[in-house]
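Tertiary structure, described
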Amino acid sequence: MGMLTLTDVELSQDIGCLDRAWAADATFALVPARSSVPREWVMDALRRLPEPWRQGHFALLTSGSTGQPKLIVGLRQRAEALARLLDQVQSGAAAAATVVALPLTYCYAFVNQWLWSRVLGRRLILTQGFGEPESLRVVLAQARDTMLCLVGAQVPLLRRGMPDAVFPGVVRLHFAGGAFPQEHLDFLSDRFPNALIFNNYGCAEAMPRLTLRGAAASEQGANIGWPLPGIALTAGADGRLLFRSPFAAVGVVDAAGIHAFSPDEWVESGDLAVPTADGSWVLSGRSNEVFKRYGEKVSLAQLIGSVRLVWVGEAAFYRETDRQGEQGAVLVLAPSPSADELRRVLSALRAEYPRPHWPLRIEGADVLPRLPSGKIDNLRLAALERRAIVWKQRI
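Small disclaimer: the values here were computed from a predicted structure and weren't measured.

This paragraph deals with the sheet that holds strand β14 (residues 251–254). Ordered in space as β1-β2-β3-β4-β14-β15, the six strands form an open sheet in which the pairing is mixed. Each edge of the open sheet is held by one strand with a lone partner, namely β1 (4–7) and β15 (257–260). Pairs of neighbouring strands in the sheet enclose a mean axial angle of 20 degrees, with direction left out of account. Lying on the sheet, helix α4 (residues 76–89) is in contact with β2 (28–31), β3 (57–62) and β4 (70–75); it crosses β4 at an angle near 75 degrees.

Right, let's talk about the pairing of strand β12 (residues 232–235) for a bit. Note: β12 against strand β13 (residues 240–244), four bridges, orientation antiparallel. Its bridge partner being in β13, Thr 234 is matched across the sheet by Leu 242. Hairpin remark: β12 followed by β13, antiparallel, with four residues in the connecting loop; positive phi at Gly 239, about 85 degrees.

Summed over the entire model, instances satisfying the criterion amount to zero disulfides. There is no disulfide at Cys 17, and the cysteine sulfur nearest it, in Cys 107, is 17 Å away. Taking relative accessible area as the criterion, Cys 17 reaches 13% and is therefore assigned buried. Left without a disulfide partner, Cys 107 is nearest to the cysteine sulfur of Cys 203, which lies 8.9 Å away. On the basis of relative accessibility, which here comes to 7%, the residue Cys 107 falls in the buried class.

Quick notes on the rules
- Just so you know, the residues in each chain are numbered from 1, in the order the chain's sequence is written.
- In keeping with the model being predicted, local features are shown solely for residues with a pLDDT of at least 70 and side-chain atom pairs are shown and tallied solely at 80 or more, while totals for entire chains, interfaces and linings include all residues.
- The basis for every side-chain value is the complete set of heavy atoms in the structure, and neither hydrogens nor water enter the calculation.
- Criterion used throughout: strands pair if DSSP finds at least two bridges between them.
- What counts as a helix is a DSSP run of H or I of at least four residues, what counts as a strand is a run of E of at least two, and both are numbered from the N terminus.
- Axis definition: a line fit to C-alpha positions, over the contact stretch in the case of helices; interaxial angles, taken between N-to-C directions, run 0 to 180 degrees.
- For this analysis, residues touch if any pair of their heavy atoms sits within 4.5 Å.
- Two cysteine sulfur atoms make up a disulfide if the distance between them is within 2.5 Å.
- Relative accessibility decides the category of a residue: with a 1.4 Å probe and only protein chains considered, values under 20% of the type maximum give buried, values over 50% give exposed, and everything between is partly exposed.

Here's what the structure looks like:
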């Protein structure tokens, strides 16, 4: 008999199936219903799990920014310990419930919300997220002593879909899965006046949390704060952020085979980062989002941060090579900017960066494609239909 797989659609219809799977001995997998990964790949990966991983574990399917499927395998005892630790380090108002606006097949929502509610006995309130914004607005308006977890890319959806709504019953507001929306803190504080706002950082291999910081602890959106107790971070010679964690996944199954993490192994987070004097860490961007252009080191994470200071819609880059063979990037904005909005974006980039850092083009689109997790799907940007060039750099 094959291992049990559960999709986010199945969980939304019967959340009890997840409780039953967690209580059973056999390892199970959480798989997004809209994943582009063939089910045959998932089932083959599960069949290849080593015997020790077939009991008391769980697996999460991810492809992230690479587009290459990976099955991340976690130990349930570790995940429960992390859920308890996260509650301890989130000082301030206690949360009695959590509103789920992300798919539970996403590691961030699964651990921070479903598992947190299970091990601490808190109420779990399921919604369809921004797929049904009015229903989400009603649920948040009725919330009391509630925790909400979002990704930064959803803030423009919140601004457009609920521009005047205020949610005083939310006491914890968490962001993860991409750039922290530092530039929207005033808006978020107005809409969630009683909430402590947190920047969460990690990766699926960390299951998923490595650091946490309160929004007020730094004015830098790229500052991810300090490692959680028991977790160690270091930077490799090339600036890649590595970690050791007692809560991390036990291993990964991917196209290269099966890799079990040893206790003393430094595991790659997929990001570049530098430590600061106070012990916190600052991200430079994803390892595949930092490149050289005409000898200049370009960070797409820094560029997008500058854009978001003057642009309240959605924004993302995709990589491209120019006619001279140099690497570059194209900026996509949604909705398509007006002439004044475009001028503000260009002025912000020109004021802060030399020409090699500027985008090759700026394109406008109705909406940006998204992953099941709610994050922007950068791999689909280059093939996005109904986008128009609104500015082009002369090379």
